Amino acid sequence: MCFMIKVIIFDGVGLITHQEPLSVGLARDYKIPLEKTLPFFKGALQDCVAGRSDLKEVFLPYLKAWGWNHGVDAMLDYWFERDHKIDTNIVAFIGDLKRKGILCLLATNNEKYRFAYMLDKMGFGKIFDKAYCSAHLGCKKPNKQFFSKIYNDLENISKEEILFWDDKAENVKGAKDFGIHAELFVSFKDFKEKIKKYLPI
């Protein structure tokens, strides 16, 4: 290949960290059935992820309907703290990439409170050179605007010098449609094989 990769963009949840869906945890730990919680996750939460709503404000009526009496902050603590397994193999690999001079970025579909937790409490702020969140960008993957806003924030980088990784096929397609290299993340082993096409490892 005649190009040189200078920037690698990584998804967060499902790639760097692996989390059990909150709806599953609530059903198991608090006996709140999925049919009660899923409308929130598929509806109102998505507005928060896109930066159109504040999670702490829209959560209240749903928590009341679910019979949750511990307040919004307690729910967020349960959500964010209960299960965040970080893939130490890929984190170490990212460290190696950064030492080689490759800019490593985080690009996640998340609402602002969970994003802040990822950066501060889970160490994502130290893992990556820079982090981007849909709630702050005002749009979500795989929207072309999502990738455009990140690209426009980079200096002296062409599209062919960017490689994007995500565990969702629709996001990979969105990145390719925007014009950057993109690969589907399946496992760390698969990742190490695929990235050989782009970098001398």
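What this report covers is the structure whose coordinates are included nearby. (Residues numbered from 1 in each chain as written. Predicted model: local features only at pLDDT ≥ 70, side-chain atom pairs only at ≥ 80, totals over all residues. Heavy atoms only, no water.)

### Points about the side chain of Lys141
Right, so step 1: Structurally, Lys141 is set in the loop between helix H9 (134-137) and helix H10 (144-153).
Right, so step 2: One polar contact links Lys141 to Asp11, side chain to side chain, over a distance of 2.8 Å.
Right, so step 3: For Lys141, the side chain forms a polar contact with the main-chain oxygen of Ala107, separated by 2.9 Å.
Right, so step 4: Apart from the residues lying within four places of it in its own chain, the contact partners of Lys141 are Asp11, Ala107, Thr108, Asn109, Phe146, Phe147, Phe164, Asp166 and Asn171. (Helix = DSSP H or I, 4+ residues; strand = E, 2+ residues; numbered from the N terminus. Polar contact = N/O pair within 3.5 Å; in protein donor to acceptor, adjacent residues only side chain to side chain. Contact = heavy atoms within 4.5 Å.)

### Focus on the side chain of Asp54
Right, so step 1: Structurally, Asp54 is set in the loop between helix H3 (44-49) and helix H4 (55-66).
Right, so step 2: Under the relative-accessibility criterion, Asp54 is labelled buried at 14%.
Right, so step 3: Non-local contacts of Asp54, meaning those with residues more than four positions away in its chain, are made with Cys48, Lys112 and Tyr113. (Buried < 20%, exposed > 50% of the residue type's maximum accessible area, 1.4 Å probe, protein only.)

### Focus: the packing of helix H1 (residues 22-30) against helix H5 (residues 72-81)
The relative placement of two packed helices is expressed as an angle between their axes plus a distance between the axes.
Right, so step 1: Between H1 and H5, the shortest axis-to-axis distance is 10 Å and the interhelical angle comes to 110°. The angle between H1 and H5 falls in the class roughly perpendicular. From H1, Leu22, Gly25, Leu26, Arg28, Asp29 and Tyr30 reach across to H5, where they touch Met75, Tyr78 and Trp79.
Right, so step 2: Counted by class, the contact of H1 with H5 contains 6 nonpolar, 1 polar and 2 charged residues. (Axes fitted to C-alpha atoms, helices over the stretch in contact; angles between N-to-C directions. Parallel < 35°, antiparallel > 145°, perpendicular 65-115°, else oblique. Nonpolar A, V, L, I, M, F, W, Y, C, P; charged D, E, K, R; others polar.)

### A few points about the state of the cysteines
Right, so step 1: Considering all chains together, one arrives at 0 disulfides under this definition.
Right, so step 2: With no disulfide partner, Cys139 has as its closest neighbouring cysteine sulfur the one in Cys133, 10 Å distant. (Disulfide = S-S within 2.5 Å.)

### A short note on helix H7 (residues 112-120)
Right, so step 1: Listed in full, the buried residues belonging to H7 are Arg114, Phe115, Tyr117 and Met118. Down the axis, H7 shows its buried residues gathered within 160° of arc, on one side only.
Right, so step 2: Against H5, strand E4 (103-108), helix H8 (124-127), strand E5 (130-133) and H9 lie the buried residues of H7.
Right, so step 3: The N-capping residue of H7, defined by a side-chain oxygen 2.8 Å from the backbone nitrogen of Tyr113, is Glu111. (Arc of directions from axis to C-beta.)

### A word on H4
Residue pairs three or four apart in sequence face the same way in an α-helix, which turns once every 3.6 residues.
Right, so step 1: The terminal C-alpha atoms of H4 lie 16 Å apart, and with 12 residues this matches the ideal 16 Å at 1.5 Å per residue to within 8%.
Right, so step 2: Listed in full, the buried residues belonging to H4 are Leu55, Phe59, Leu63 and Trp66. Considered in projection along H4, the buried side chains sweep an arc of 55° and stay on one side of the axis. Exposed residues on H4 whose side chains face more than 90 degrees from its buried face are Glu57, Leu60, Pro61 and Lys64.
Right, so step 3: Its buried side turned inward, H4 meets H1, helix H2 (34-42), H3, H5 and H7.
Right, so step 4: Here H4 starts with a cap whose side-chain oxygen sits 2.9 Å from the backbone nitrogen of Lys56, and that cap is Asp54.
Right, so step 5: Gly67, located one to two residues past H4, shows a positive phi value of around 80°. (Expected span 1.5 Å × (residues − 1).)

### Details of the sheet that holds E5
Right, so step 1: Read across the sheet, 5 strands follow the order E5-E4-E1-E6-E7 without closing on themselves; strand pairing throughout is parallel. Looking at strand neighbours, the two that pair on one side only are E5 and strand E7 (181-184), the edges of this open sheet. The sheet shows a mean angle of 20° between the axes of neighbouring strands, direction not considered.
Right, so step 2: Looking at chain direction, strand E1 (residues 7-10) and strand E6 (residues 162-166) are connected through 4 bridges and run parallel. (Pairing = 2+ DSSP bridges.)

### Considerations on the packing of H10 against helix H11 (residues 169-178)
Right, so step 1: Relative to each other, H10 and H11 sit at 60°, their axes nearing to 9 Å. As judged from the angle between their axes, H10 and H11 are oblique. The way H10 lies across H11 gives a crossing that is right-handed. Taken together, the residues of H11 that come into contact with H10 (itself represented by Lys144, Phe147, Ser148 and Tyr151) are Asn171, Gly174, Ala175 and Phe178.
Right, so step 2: Counted by class, the contact of H10 with H11 contains 4 nonpolar, 3 polar and 1 charged residues. (Left-handed = near helix turned anticlockwise from the far one by under 90°.)

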